[in-house]
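A closer look at the structure
Given next are the chains, with one letter for each unit.
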Amino acid sequence: MRKRIALILALLLMTAVPVIGNAQAEETTPTVRVLLSTDGASTVEIHVKGTYAVGDTSFTDGTLTATIQNGTITVSHSEKGTLAASTNPVRVVRTEAENEDAYLTFPDLQHKSKPTMYLGDLVFYGEDGTLRVVNDVGIREYMYGVVSGEIGNSAHREVLKVEAICAKCFALATAAERTKKEFDVYDTTTSQLYYGYLPEDTEVIAAVDEVWENTLLCNGQIVKTHYTAANGGQAITPQIHWGGSTIPAYYYGYDPFDLAGSSKNITITVDGADPSKLSDQLYAYFLSLAESALGESVEKIETIVALSGWYDPENPNGTSRYPADLAPQKQNFVTMNVQTKSGRFVQATATFTLSDLKSKGGISASGTISFIVRTGAQTWVIAFGEYKGNRVGLSHRGAAAMAKQGYSYVDILKFYFRGADLYDAHGNVIPSTATFDFPYTGPDPDPTPTPEPSATAEVTATPEPSDTPEPTATAEVTATPEPSDTPEPTATAEVTATPEVTESPEPTASPEPTASPEPDPNAGDVDGINGITTADAQLVMQYWLGVTKLSDDQLRRADVNRDGVVDGLDAALILRMMRT
């Protein structure tokens, strides 16, 4: 494979410029043919710096005028007169020179405010009575113009290098697709912004000079490196945006770097193990969703075990082009373990929209896309992000955030183009040591709701012949065994009990299962609400099973028989106290 890569790169560096007319120029680097914006002009005036040639005639400095009339292209020089008059394309060839020694200047549609300098050759074509001007320029010089046009001279050096690689690979991959066309790329955002040559952009020039021979390849092919200004927190692939076949080079998914790159983006972390960390308004909104789902009042949210959404409610599983988690998510759901005001511990699942969550959850966000992404075993991020452009491939905003955090240009490319590798001119991979711990791929949280006995449960128990009376329950419990010493019943478990506490013959060594000689006047009223009720027996059972905690005062009230232990017998005694 390495030999094949080296051959591909060598061929790229040996591309020759084709012969037009009687002139020929050899380049040691590939060239890119850029269609310049002339707004449909039939005449253009070009200022010359340095020595050029049209056919066999060379000239230095001066002014060129190119016109088309009745299908004939005429090119004349201010001193040499007419240089060419032909129905075929006419090429103005730049002779070998340093960049600032020879260039052509004329105002085009992209730079109406000032003239634009172009290196390389100019080729004039005629089409429907208008001139089409193509700049045939070496790849390195083309990279200068794109990096200046797309992100400018003031960007971070690593971002400049990233953009240089993207400019090169996009142009070369596009050129390979357009071998029978007159040009490869436009100088507008239809392809890439191309600003010609700006010698004052010294940072751009230095960055390009450092990396221009490096190439991003996937499976031995040059990656057509799409990029965007900002993706709103979620990068997508060319296939998702435009359709067509899958390109394995691209990363699809959560982009926290893009989100971090703008104060307009909003992210909210949800800790499912501790929902109380949510803002009061957002917590209240989730609480209301649980109440709507259950049809009863909810005291608190114990845990959040699932939080997600999907792009298409009619196709929750999604497709390769429309993944389920594609932003913006149009439908979302949350699954919560909750405690109702009646004391039940149950699980509730509710659906909602992120726009509704934003309006009712007190979230001030102007984002154009929104989504939920899982970032840990029981943590999620709710994101509201703003995007600019097509969201495909590299994000300029994300790249800038990564560079500020210390990532190199190789790391940045590796993040956005996961299936590709960066090669130098000799076919060696330039490695990245960066690792990214998202999207989360670990185990799901246990969705089992907090167990509870039925609200109408009564317990029949038989004290065991031991120092501490243990109830022998005749209740039927449907349980989901857990890998622990105490199996936990599910939220739908029912506890059936007879009205009376039936006791076995009293063992000799066992004390009477009766209350203390000096009972607490509040014994049995564990929750301190409405006297002694089945809710008090429930709390005792839940404590005994290890699924809830009691305060010191509640423990004192729950220990009805005053034996120093709160257990199932106390629950049975509480039920008997209700009937006396």
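To keep things clear, this report deals only with the structure shown in the data block. (Residues numbered from 1 in each chain as written. Predicted model: local features only at pLDDT ≥ 70, side-chain atom pairs only at ≥ 80, totals over all residues. Heavy atoms only, no water.)

With that out of the way, let us pick up the sheet that holds strand β12 (residues 130–138). Either a parallel or an antiparallel arrangement is found when strands of a sheet pair, and the pairing is made through backbone hydrogen bonds. Taken in spatial order, the seven strands of this open sheet run β4-β3-β8-β11-β12-β1-β13, and their pairing is mixed. Where the open sheet ends on each side, the last strands, each with one partner, are β4 (57–60) and β13 (185–186). Where strand β1 (residues 31–35) meets β13, two bridges bridge the pair, whose relative direction is parallel. Within β13, the position partnered with L35 by the bridge is Y186. Sheet contacts for helix α2 (residues 139–150): β1, β12 and β13; angle to β12, the most-contacted strand, approximately 110°. (Pairing = 2+ DSSP bridges. Helix = DSSP H or I, 4+ residues; strand = E, 2+ residues; numbered from the N terminus. Contact = heavy atoms within 4.5 Å. Axes fitted to C-alpha atoms, helices over the stretch in contact; angles between N-to-C directions.)

So, on to the layout of surface pockets. Reported here for the second largest pocket is a volume of approximately 460 Å³. F170, T189, T190, S191 and H226 are the residues nearest the centre of the second largest pocket, which is lined by 23 residues in total. Looking at the lining of the second largest pocket, the elements with two or more residues in it are α3 (157–177) and β16 (227–228). No other element matches the three residues that α3 contributes to the lining of the second largest pocket. Taken together, the residues that form the lining of the second largest pocket break down as six nonpolar, 11 polar and six charged. (1 Å grid on protein atoms, 1.4 Å probe; cavity = no way out; pocket = protein on both sides within 12 Å on 5 of 7 lines; lining within 4 Å. Points joined across faces, edges and corners; volume = space filled by probe spheres on them. Nonpolar A, V, L, I, M, F, W, Y, C, P; charged D, E, K, R; others polar.)

Moving on, we get to the pattern of salt bridges. Scanning all chains against the criterion turns up 21 salt bridges. Close ionic contact of K224 with E177 constitutes a salt bridge, the shortest N to O distance being 3.0 Å. Here K224, found in the loop between β15 (221–222) and β16, pairs with E177, found in helix α3; they are 47 residues apart in sequence, far enough to count as distant. Its salt-bridge partner being E296, residue R344 comes within 2.3 Å of it at the nearest N-O pair. Of this pair, R344 sits in the loop between β22 (331–340) and β23 (345–352) while E296 sits in the loop between α7 (280–294) and β21 (298–310), and the two are 48 residues apart along the sequence. Three or more residues are tied together by salt bridges with common partners; here these are R157, E158, K161, E203 and E210. (Salt bridge = Lys/Arg side-chain N within 4 Å of Asp/Glu carboxyl O.)

This next bit is on unusual backbone geometry. Of the consecutive residues A327 and P328, the connecting peptide bond is found in the cis state with omega at 0°. One can find P328 in the loop between β21 and β22. Its identity is not glycine, yet D61 carries a phi of approximately 55°, on the positive side. Within the element layout of this structure, D61 appears in the loop between β4 and β5 (63–69). The phi dihedral of R391 is positive, around 70°, even though this residue is not glycine. With respect to the helices and strands, R391 occurs in the loop between β26 (387–388) and β27 (394–395). A relative accessible area of 7% means that R391 is categorised as buried. (Buried < 20%, exposed > 50% of the residue type's maximum accessible area, 1.4 Å probe, protein only.)

As a further point, take the nonpolar core. Ranked by internal contacts, the top residues of the largest apolar core, which has 93 residues, are V92, L122, F124, Y142, L394, I412 and F417. With 10 residues, α3 is the single largest residue contributor to this core. Apart from residues no more than four positions distant in its own chain, F417 is found in contact with C166, L216, V223, T225, H226, A249, Y250 and L394. Judged by nonpolar contacts, the second largest core, of 29 residues, contains L278, Y283, V334 and I363. (Core = buried A, V, L, I, M, F, W, Y, C linked by side-chain atoms within 4.5 Å.)

None of this, on its own, says anything about what the molecule does.
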